[in-house]
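Listed below are the residues making up each chain.
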Amino acid sequence: MLGAVLLHLSLAAQVDFRSAVAPILEQQCLQCHAAGAHVDLSSHQRLLDQKYVTPGNPSKSPLYTSLEKGSMPPGGKLPAAQIAAIRDWIAQGAAWPSGAVLTAPKSQAPPAQDAEMQNVREIRERILAHQQQKPQPSKITIPNTTVSYDMVPIAAGDFQMGSSAKPGSNPSAQPQHEVRLDAFSMQAHEVTWDEYRFFMFANQAGETGHKDAAVDAVSRPTRPYVEMSFGMGINGYPAISMTQHAANKYAEWLSAKTGEFYRLPTEAEWEYACRAGMSEDRPSDIGDYAWYAANSNGKYALVGKKKPNAWGLYDMLGNVMEWTLDAYAPYKAGPQTNPWVPATEPYPQVARGGSWNDPADAVSCAVRVGSDPSWKQQDPQLPKSIWYLTDAQWLGFRLVRPAKVPTAEEMYKYWNNGVEHDEH
Amino acid sequence: MKIDKVVSDRRNFIKGTAGAALIAGFPAIISSQSVTNAIKVGLVGCGGRGTGAASQALHADDYAELTAVADIDQAQIDKSLKTLKAYSQLQSRVRAESSNQFLGLDAYKKVIDSGVDVVILTTPPGFRPTHLAACIDANKHVFCEKPIATDALGVRWVLETSEKAKQKNLSLVAGFCWRYSNMIEDTFQQLHGGALGRLVAYYATYYTNPVKPMPPASERPAGMSDTEWQIRNWYNFVWLCGDSLVEQAVHSVDKVAWAMNDEPPVSCVGVGGRVIPAEGGNIYDHFEINYLYPNGVRAFIANRQIEGCYNENSDYVLGTDSTLTIGRGPVPRIEGKTNWTWSGQKYDMYQREHDLLFAAIRKNQPMNDGKRMATSTLLALMGRMAAYTGQQITWDQAMNSQEKIFPETVDWHGSLPVAPRAEPGITKFV
């Protein structure tokens, strides 16, 4: 039920909620802030209860002030007219017609009864139950296999995100801005083929003998047409050439298998972990830490063979570039907390860290690379695969395990970028 | 689904056109004058590859239009057109309305008769010689996928057809895509320029997972004919796909042919077989062929389509001075006396096939891949013959093989017994 109708009437030209306000909220806010989300802007009651709106007082309404500052929405500041409409509506008492229900745009909103959403809820139940049982371990063996990976705990904190080089020298990584992050753990190494192949081939993951409905329900890559290591090696080598969608589904699959919540790192989390307290964009002795064009001999290397960074993470720089959860968007000035730019288009999403194929200046904690359709060029079929980037033979990923378990709706968004099919 | 009983034109070819004088002096049927604006494209075979090729065709020329399509399955046609229409810049040029969507085994004829200028042939390869001959007879330019036949008879027919295409100034481009990769082109230029010294041996691998494994017989719907069941699972039948060496590893075979300047080998021997049950299909899941070229030069091709094994798709070309490696890492490299690594901007080789084809049509400067696409296909078939029979096979034997893998009559509703899988030492060379 929606809250009571407020009777603040204004003598000024009334802003019509249905035609002027509801569309802004639905199209600009509810993609992330729908019913069930941590910040829920879908009902009058929630707006008032959580004090996002103080009727009659726009400057004491975070809904308005965040729009005015441009800290929301993450894709960029709204047009002035839209912000003004929200301001006037609040000033006039933030009337909300009885019975008005706001819903996120259809293409973005996972229907609650959707089978996939249901499975996310089941996985989340599993994660919550697992969390109560024991402290989160630092070495995890993928169930029913002998393959394990290490997690490195990373404390909450803040750092300067973006390039420290002189302004204008690396514009996509500037302006530098302060970012505050919650605690998480991160995989010490890039995900290897040893791990990833269990996701690609259920029969190799021992899943035929250990049936698990929640694991089975996660969609998995199609059989690759070509040999996906391109002759660079399998055992102990980083998995490559997967789409961001594939990496997201791997995270969901691994979460279902282990009962721990995994996802790709946000760009901010990745950079925080890569810097590990370092203010320079790269260590001066880059060859000690990274495989890149000058020392890679034209291919990726076994993970973990170079020095780890200050927090014990290997190959953050070089070897393979790593997927993040973010869509590519210009940085905004000003402090941010747990920033994330969800995708609205198939391209570009952000990869970080440079690779074996890159010159030294591209192997940096600050350099951002946006994905591109040419990364799938070698796929002769249409529709093109949503799983493989046959031409991105220098691209892999690693996962994070946030300390706080998110809501099922948030999990769904982390694991479903919604843009896996190329638009044209 | 309509009933299509196709008595293949192939039979006519077998009966006596081979060696018949070609019609000479044909005028350019589609000249740059008659294609002032739109180039009408027909698509025969609306699978993933066909849809990809159609997209490349429409991307290649702003005035190319897809006006007719053929498949055995309406759902496949619908999916293909929907996928193409999702490209905003193609949408208005995807014009194959329902009256120009043809179903069944003779649907290719209807596409040809619909007034198209170019036909894309992307059905299972067994049909290719028949379709190609019909296209050239009707004066159509063609893009056809590899391989171009599943037996030597088909290859000979295609050779004759491609000669006709030349006579008629028609373009014929084949989907042996590496020939259209600027990266591999540069690499072979090095090879032919002597960067390796004298060529000693070429070793190529094509180890992958199964491409389209056969479903269990229990999944066959009641009442579905042999023909339909086999065509729907075409990858598992020699008459349709040619076997894994011919359908997939033919890309490696084609690079071998290229390295050898498309000159034929003397002979070959080979091994092959199937270790994973075929569920009613009759193809092998592994081959290894050893070709002997003049002057003792060797070429080795190994392919496997078995899940859970070591996979690799590489070429190792050994010369007296240096070694060329392709497919161990993203770019080719030469090491030894010559040290060279390819660098540059990779073109989309699939797009380039069509860019060149449509430019050739516009300029009335026909391209003709006929001979080399036939040679590369026969080179793979020759390897298959050696593995199937367990015998040494010479190039001349292969070229004159009388083996009839493709049925003379393909009846959509008919019964079609599956030939037993070949057994080396028992299966005879024909």
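What counts, and where the lines are drawn
- Residues numbered from 1 in each chain as written.
- Chains lettered and ligands numbered in written order.
- Predicted model: local features only at pLDDT ≥ 70, side-chain atom pairs only at ≥ 80, totals over all residues.
- Heavy atoms only, no water.
- Helix = DSSP H or I, 4+ residues; strand = E, 2+ residues; numbered from the N terminus.
- Contact = heavy atoms within 4.5 Å.
- Pairing = 2+ DSSP bridges.
- Axes fitted to C-alpha atoms, helices over the stretch in contact; angles between N-to-C directions.
- Domains from an automatic or database assignment.
- Buried area = accessible area lost by both parts, 1.4 Å probe.
- Salt bridge = Lys/Arg side-chain N within 4 Å of Asp/Glu carboxyl O.
- Polar contact = N/O pair within 3.5 Å; in protein donor to acceptor, adjacent residues only side chain to side chain.
- Buried < 20%, exposed > 50% of the residue type's maximum accessible area, 1.4 Å probe, protein only.
- Core = buried A, V, L, I, M, F, W, Y, C linked by side-chain atoms within 4.5 Å.
- Right-handed = clockwise from strand over helix to strand, strands pointing away.

Colleague: I'd like a description of the side chain of R197(A), backed by residues and values.
Modeller: As for its position among the elements, R197(A) is in helix α6 (residues 193–200). Ignoring sequence-local partners within four residues, the contact set of R197(A) consists of Q204(A), I234(A) and C309(B).

Colleague: How would you summarise the sheet that holds strand β1 (residues 139–141) of chain A if you had to cite specific residues and measurements?
Modeller: Whether parallel or antiparallel, the strands of a sheet pair through hydrogen bonds between backbone atoms. Residues and elements named next belong to chain A. Strand order in the open sheet formed by 4 strands is β1-β2-β5-β11, and the pairing between neighbours is antiparallel. Of all the strands in the sheet, just β1 and β11 (400–402) have a single pairing partner and so form its edges. The mean inter-strand angle of the sheet, taken between neighbouring strand axes irrespective of direction, is 25 degrees. Here helix α9 (residues 267–275) sits on the sheet in contact with β2 (148–154), β5 (184–187) and β11, set at roughly 75 degrees to β5.

Colleague: Talk me through the domain arrangement of chain A; I want residue IDs and the actual numbers.
Modeller: Residues and elements named next belong to chain A. By the assigned domains, chain A splits into domain 1 (2–91) and domain 2 (112–415). Averaged C-alpha coordinates put domain 1 and domain 2 at centres separated by 35 Å. At the junction of the two partners, domain 1 supplies 10 residues and domain 2 supplies 9 residues. Approximately 640 Å² of surface area, both sides summed, lies buried where domain 1 meets domain 2, with 54% of it carried by carbon and sulfur atoms. Taken together, the connections running from domain 1 to domain 2 amount to 0 salt bridges. Remark: the boundary between domain 1 and domain 2 carries 0 residue pairs in polar contact (both at pLDDT 80 or more).

Colleague: Please provide a residue-by-residue account of the pairing of strand β4 (residues 177–181) of chain A, values included.
Modeller: Residues and elements named next belong to chain A. Burial of the side chains of β4 is restricted to one face: H177, V179 and L181 are buried, whereas none of E178 and R180 on the reverse face is. Bridge count for strand β3 (residues 157–161) against β4 is 5 bridges, and the pairing is antiparallel. In the strand pairing of β4, D158 is matched with R180. Looking at chain direction, β4 and strand β7 (residues 336–337) are connected through 2 bridges and run parallel. The partner of V179 across the bridge, within β7, is Q336.

Colleague: Please set out the nonpolar core residue by residue, giving values where relevant.
Modeller: Ranked by internal contacts, the top residues of the largest apolar core, which has 131 residues, are L66(B), Y202(B), W239(B), Y291(B) and M373(B). Per-element accounting of this core gives the leading share, 11 residues, to helix α13 (residues 370–389) of chain B. When residues no more than four places from it in sequence are discounted, the contact partners of M373(B) are L132(B), C144(B), I148(B), V158(B), L172(B), A174(B) and F176(B). Residues W193(A), A214(A), M228(A) and M242(A) belong to the second largest nonpolar core, which totals 62 residues.

Colleague: Got a sec to walk through the pairing of strand β6 (residues 141–144) of chain B? Specific residues and values, please.
Modeller: Remember that side chains alternate between the two faces of the sheet whenever the strand is regular. Residue and element names in this part refer to chain B. Neither face of β6 is left uncovered, since the one carrying H141 and F143 and the one carrying V142 and C144 both have all their residues buried. Judged from the 4 bridges that link them, strand β5 (residues 118–121) and β6 form a sheet pairing that is parallel. Paired with I120 across the two strands is F143, which belongs to β6. Chirality of the crossover, the property in question, places the unit of β5, helix α5 (residues 128–137) and β6 among those that are right-handed. As paired elements, β6 and strand β7 (residues 172–174) share 3 bridges and run parallel to each other. Bridge assignment links V142 to a residue of β7, and that residue is L172. Regarding topology, helix α6 (residues 152–167) serves as the crossover connection from β6 to the parallel β7, and that connection is right-handed.

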